[in-house]
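Chain residues, written in single-letter form:
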Amino acid sequence: MRSEHAASAETTTSLPRVTASLADDVTAELPLVRSQTPGKRKAVKHAGSRGPLFRGLPSPPVLLGVATLAIAVSGVVVSGTDTTTQLTSGDRGDAQVRAAGAAGGVSAIGSVDTLRGRQTSRSASRDDGTQTDDKLIKAAEAQVEVRSEELGQLAAEVEQQAKKLADNRWVMPLTPVVLTARYGEYGLWSSYHTGLDFNGNTGDPISAIAGGVVTFVGYDGAYGNKTVVTLEDGTEIWYAHQTSQYVSIGENVAAGEVIGTVGSTGNVTGSHLHVEVRPGGGDPVDPYAAMVVNGVTF
């Protein structure tokens, strides 16, 4: 049997039992509060502990994840206050992805647009490029053909001109060439010497210096027997002091063709050939310069 002191040391204060109805069949009991002896602590059930009803539910983080998943299925996901990620899909099949920036969450936006309905025909573009290339090639070929024709015509003209120059190229009237008097000299002549004197023996053949038409054949005073050949441009070439003459008026002669022989007829001191060049049938010019201009090399 306990003593009275023991009974008095431990006094029990009973509080009425409180029940809280959380559901129809679940009741939470609050424990009695007892006075305790100083220095001793007893474990006390906290009123905030989960009752039988909440023990069957998932934790709050799980519930938050389920809610977020449910909203995402509907088409929009919003998570947090500063960071926003939106996925939207429209009737065109476009997709946009927006990622929040590092500073404010909305300053940097990246988007990707995919248009499923748009299709580019690569074969069509290739066909257009091929047609353009074909047109350019055909145009270039046409230009080449035209240019070839023009070059062909030019070549033919050049060939004709070359032949013409060859036909009209002047040559020496005598070989070998020994000049005994030049144009413009004074002495034996009444005024000045009007041509070139080529040394030669009587009977040496005289060649036409240039091609042309014979316009005079006969005797002409101090020139003796003289032959005149008129060139295409009207220039006259005189051959004087001949012994014999082999051509007649109106005859066409070519450069290098023999037209007579060297002699001493007319006003001479010896056998030689006197040559004069008279442009347009006018006054004489220096035969030496005229022959050099026309390709003759002394």
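Note that this is a predicted model, so its numbers are computed, not measured.

Peer 1: What's the story with the pattern of salt bridges in this structure? I'm lost.
Peer 2: Once their charged atoms are close, side chains differing in charge can pair, the charge on each being opposite to the other. As enumerated under the stated definition, the model contains 2 salt bridges in all. Between Lys226 and Asp220 there is a salt bridge whose closest N-O contact spans 2.6 Å. The exposure class assigned to Lys226 is buried, which follows from its relative accessible area of 4%. Taking the shortest distance from any N to any O, the salt bridge between Glu276 and Arg278 comes out at 2.9 Å. Residue class for Arg278 comes out buried when judged on its relative accessible area of 13%.

Peer 1: When you look at unusual backbone geometry in this model, what are you seeing that I'm missing?
Peer 2: Trans is the prevailing form of peptide bonds, just as negative phi is the prevailing case for residues other than glycine. With an omega dihedral of -5 degrees, the bond running from Thr175 to Pro176 counts as a cis peptide bond. On the secondary structure map, Pro176 appears in the loop between helix 4 (122-168) and strand 5 (179-181). Non-glycine residue His241 carries a positive phi angle of around 70 degrees. As for its placement among the helices and strands, His241 is situated in strand 10 (residues 236-245). Exposure remark for His241: the relative accessible area of 5% places this residue in the buried category.

Peer 1: Please explain the packing of aromatic side chains as it appears in this structure.
Peer 2: Within the structure shown, the criterion is met by 4 aromatic pairs. Taking 6.1 Å as the distance between ring centres and 55 degrees as the angle between the ring planes, the aromatic pair formed by Tyr186 and Tyr192 counts as tilted. What makes Tyr186 exposed here is its relative accessible area of 65%. You can call Tyr192 partly exposed: its relative accessible area is 30%. Centre to centre, the rings of Tyr288 and Phe298 are 4.1 Å apart; their planes meet at 20 degrees, and the pair counts as stacked. You can see Tyr288 sitting in helix 5 (residues 287-293) and its partner Phe298 sitting in the segment after helix 5, a full 10 residues away along the chain.

The rules behind the values
- Residues numbered from 1 in each chain as written.
- Predicted model: local features only at pLDDT ≥ 70, side-chain atom pairs only at ≥ 80, totals over all residues.
- Heavy atoms only, no water.
- Salt bridge = Lys/Arg side-chain N within 4 Å of Asp/Glu carboxyl O.
- Buried < 20%, exposed > 50% of the residue type's maximum accessible area, 1.4 Å probe, protein only.
- Helix = DSSP H or I, 4+ residues; strand = E, 2+ residues; numbered from the N terminus.
- Phe/Tyr/Trp six-rings, centres within 6.5 Å; stacked < 30°, edge-to-face > 60°.

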